[in-house]
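The residues making up each chain are set out below.
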Amino acid sequence: MSKLVSKGLSKWFGDLHVLADVDLTVEDGEFVALVGPSGCGKTTFLRTVAGLEQTDEGAVFLSDKKIEGPGRDRGFVFQQDSLLPWRTVMENTVVGLELAGRLDPSEAQRVRQLLNLVGLGGFENYYPRQLSGGMRQRVNLARALAIDPKVLLMDEPFSALDAQTREIMQTELQRVWEEGRKTVLFVTHQIDEAVFLADRVLVFARRPGRILEDIRINLPRPRNIATKRGPEFVALVDRIWQLIEKDVRESVLVEKS
Amino acid sequence: MSAAPKTPADHRARFAPWQISLLSVVSGLFVWQMISDYVIANPLFLASPYQVMKALLHLFETGELWRHVATSGVEFLAGYAIAAVIGICVGLLIATNSFAKNWLQPWISGFYATPTVALGPLFILWLGIGVWSKIVVVVLLVVFAVIINTEAGIRSTSERYLEMMRSFGATPTQLFFKVSLPSATPFILAGLKLGIGRGLIGVVVAELFGSRMGLGRLIGASADSFNMPELFAAVSILAASGIAMNSAFALLEARLVPWTKD
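Residues numbered from 1 in each chain as written. Chains lettered and ligands numbered in written order. Predicted model: local features only at pLDDT ≥ 70, side-chain atom pairs only at ≥ 80, totals over all residues.

1. Some points on the overall build of chain B
Helix and strand counts for chain B come out as eleven helices and zero strands. Its C-alpha atoms give chain B a radius of gyration of 23 Å, clearly above 18 Å, the size a compact globule of 262 residues would have. The principal-axis extents of the C-alpha atoms in chain B amount to approximately 75 × 70 × 30 Å. Residues classed as buried in chain B amount to 35% of the 262 residues present. (Helix = DSSP H or I, 4+ residues; strand = E, 2+ residues; numbered from the N terminus. Rg over C-alpha atoms; globule rule 2.2 N^0.38 Å. Buried ≥ 20, exposed ≤ 12 C-beta atoms within 10 Å, placed from the backbone.)

2. Some points on the overall build of chain A
Counting its regular elements, chain A contains eight helices and ten strands. Relative to its length of 257 residues, chain A is compact, with a C-alpha radius of gyration of 18 Å against a globular reference of 18 Å. Referenced to the eigenvectors of the C-alpha coordinate spread, the extents of chain A come out at roughly 50 × 40 × 40 Å. Residue burial in chain A is summarised as follows: out of 257 residues, 40% are buried. Residue pairs in contact within chain A that sit at least 24 positions apart in sequence constitute 72% of those at least 6 positions apart. (Contact = placed C-beta atoms within 7 Å.)

3. Re the sheet that holds strand S2 (residues 16-26) of chain A
Consider a sheet: its strands pair through backbone hydrogen bonds, and that pairing is either parallel or antiparallel. All names here are of chain A. Strand order in the open sheet made by the four strands is S2-S1-S4-S5, with antiparallel pairing throughout. With partners counted over all chains shown, the strands left at the sheet margins are S2 and strand S5 (65-66), one partner each. When strand S1 (residues 4-13) meets strand S4 (residues 57-62), the two strands line up antiparallel, connected through five bridges. Opposite lysine 7, over in S4, you have alanine 59 as the bridge partner. Set on the sheet, helix H1 (residues 42-50) makes contact with S1, S2 and S4; between it and S2 the angle comes to about 60 degrees. (Pairing = 2+ DSSP bridges. Axes fitted to C-alpha atoms, helices over the stretch in contact; angles between N-to-C directions.)

4. Focus on the confidence of the model for chain A
The predicted coordinates of low-pLDDT regions are not to be read in fine detail. Here chain A averages 87 in pLDDT, and 98% of its residues register 70 or above. When the elements of chain A are averaged for pLDDT, helix H8 (residues 231-256) of chain A gives the smallest value, 82, and helix H2 (residues 89-93) of chain A the largest, 94. (pLDDT = per-residue confidence, 0-100.)

5. Structural notes on helix H5 (residues 133-146) of chain A
All names here are of chain A. For H5, with 14 residues, the first-to-last C-alpha span of 20 Å sits near the 20 Å given by 1.5 Å per residue. Here H5 lies mainly inside the structure; eleven of its 14 residues are buried. The complete set of buried residues in H5 reads Arg136, Gln137, Arg138, Val139, Asn140, Leu141, Ala142, Arg143, Ala144, Leu145 and Ala146. Its buried side turned inward, H5 meets strand S6 (74-77), H2, helix H3 (95-99), helix H4 (105-117), strand S7 (151-155) and helix H6 (163-180). At the exit of H5 stands aspartate 148, carrying a positive phi of roughly 50 degrees. (Expected span 1.5 Å × (residues − 1).)

6. Digging into the environment of valine 69 of chain B
Residue and element names in this part refer to chain B. For valine 69, the location among the structural elements is in helix H4 (residues 64-96). Each C-alpha atom of the pair valine 69 and alanine 234 lies 9.0 Å from the other, and the pair is 165 residues apart in sequence. Residues in contact with valine 69, not counting those within four places in the same chain, are Leu215 and Ile237.

7. Examining the sheet that holds S7 of chain A
All names here are of chain A. Strand order in this open sheet of six strands is S6-S7-S8-S3-S9-S10, and the pairing throughout is mixed. Each having just a single partner strand, S6 and strand S10 (210-216) make up the two edges of the open sheet. Strand after strand, the sheet turns through a mean of 20 degrees between neighbouring axes, direction not considered. Examined bridge by bridge, strand S9 (residues 200-205) and S10 share six bridges and lie antiparallel to one another. Across the sheet, the residue bridging to arginine 200 is arginine 216, located in S10.

8. Examining the pairing of S2 of chain A
Residues and elements named next belong to chain A. Bridge analysis of S1 against S2 gives seven bridges, and the strand direction is antiparallel. Within S2, the position partnered with leucine 9 by the bridge is valine 22. Here S1 folds back onto S2 in antiparallel fashion, the turn holding two residues, of which glycine 14 has a positive phi close to 65 degrees.

9. Looking at the interface of chain A and chain B
Facing the 19 residues of chain A at the interface are 13 residues of chain B. When residues of the side of chain A that touches chain B are assigned to their parent elements, the largest contribution, three residues, is made by H3 of chain A. In terms of residue class, the side of chain A that touches chain B is made up of 13 nonpolar, four polar and two charged. (Nonpolar A, V, L, I, M, F, W, Y, C, P; charged D, E, K, R; others polar.)

10. Brief notes about the confidence of the model for chain B
Residue and element names in this part refer to chain B. Looking at chain B, pLDDT values average 90 and 95% of them are 70 or higher. Confidence scores differ between elements of chain B, with helix H1 (residues 8-12) showing the lowest mean pLDDT of 53 and H4 the highest of 95. Scoring of the predicted complex yields 0.82 for pTM and 0.87 for ipTM.

11. Some thoughts on the packing of helix H10 (residues 215-224) of chain B against helix H11 (residues 228-256) of chain B
All names here are of chain B. The interhelical angle for the contact between H10 and H11, taken along N-to-C directions, is 155 degrees, at an axis separation of 8 Å. One element, H10, and the other, H11, form an angle in the roughly antiparallel class. Taken as a pair, H10 and H11 cross one another with a handedness that is left-handed. Touching Leu215, Leu218, Ile219, Ser222 and Ala223 of H10 are Glu230, Leu231, Ala234, Val235, Ile237 and Leu238, all from H11. The class makeup of the residues in the contact of H10 with H11 is nine nonpolar, one polar and one charged. (Parallel < 35°, antiparallel > 145°, perpendicular 65-115°, else oblique. Left-handed = near helix turned anticlockwise from the far one by under 90°.)

12. Structural notes on the pairing of S9 of chain A
Two faces belong to every sheet, and in a regular strand the side chains alternate between them. All names here are of chain A. When strand S3 (residues 31-35) meets S9, the two strands line up parallel, connected through four bridges. Along S9, the bridge assignment pairs valine 32 with arginine 200. Linking two consecutive strands that pair antiparallel, namely S9 and S10, is a turn of four residues; a positive phi of about 50 degrees is found at arginine 207 within it.

13. Regarding helix H3 (residues 49-62) of chain B
All names here are of chain B. Here H3 spans 20 Å end to end across 14 residues, near enough to the 20 Å set by a 1.5 Å rise per residue. Taken together, the buried positions of H3 are Val52, Ala55 and Leu59. Buried residues along H3 cover an arc of 60 degrees about the axis, so they all sit on one side. In H3, the exposed positions angled more than 90 degrees off the buried face are occupied by Leu57 and Glu61. Packed against the buried residues of H3 are H4 and H11. At the C-terminal side of H3, glycine 63 shows a positive phi close to 85 degrees. (Arc of directions from axis to C-beta.)

Right, here's the structure in full:
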């Protein structure tokens, strides 16, 4: 079982208490979204799970193993796609396998199917500069899935896309996720995106960064555009917005001053 | 306005880029010919393109041209190749090793900013009048441009790419070969391209200081005997080789680093 557990996780950047005593258990196959105002530590928490940040207190465990650094049991989907411009779509997607020395014809075949799954069949030999922002984020996702991780860590992957593309990518991500049902931690500042995608939404608060509320989303799947117009959806978004409204206003003021 | 008028861009689009360049050279030669025919009609001051052509043909027929070109060519290519190898290696070294960086930086900055061609006579004194003194001058002129560009290339590697690769468990060696080196390639090529012009200057100036053969020697001898057509002939060969090598580099860049062009 690939259970993800965070126990008493704390972290400081100098005097700034970015994460205070974060306790969390994510079950295998759960889709968990992290929302909150900027500066609430949600991205730092995700990066800590990825092993890209060190912890000051507490620890994160994946399948009862303490996370000490980056590892191929976690796949990271970056906010900016970070595709290597000198590699084709295929070469970018297999990079994790290549680094692990696990690239062979059967794995390559599996990656080709994966590219089909994310809607990039036929684009294997394209270079990133030839792709749209939405397509590049599909490669970003496929690259993380290619190493077949236990957990998928997604850091605001759709925030750089235009509104229409984002809607489509949300539905696409849901479809891809239904195929494999991997555990997902998804950071976003879009409340509706969080509610649309997740089984659970963790609402973060600022100063210190901590989990304010853990909200279960019981909307039936598959969800679609109509889901977003339903009263249940609207009520959930509204509730979360009220939880973080004060914090968001404060963070906006801080950024202005 | 409903009818689309012809914009200037429509006219420009009728010519291929190389056609425009060719037209530019031909009209330049024409203006040059006109000036030397009607404005400065004294071959002691300005040789016309026609006279230069004749001088070139003459040098070619006597076999003299080939000997000069071969000598300068060997000096340039040997110096350039040595400088490229040393420059890339040292650039990679100082980009990845801070002790080497601190140790070598003052020398690199100093030599890069100094007109090292001025040291030409010294190398002729040490190494003789033959090709080796010229090769050393070329190496000195080219190598620092390559070092500085190579180092800048490695250092400018995007932190986003490095972090992405780290998240997939890349080792430092993998980071170097799979991210830093490919990402530095456009910079390394730019340094090598910069080295072409510097190397050609090195060959000519070093030969002017003292040599038995070479295009620089030909330029010096022609100037001494006020043979302007021959002087221009030598200069135009240098210009043509510079243009040829730069075009070859453009092709190389299109092949090796296509992602930098769009």
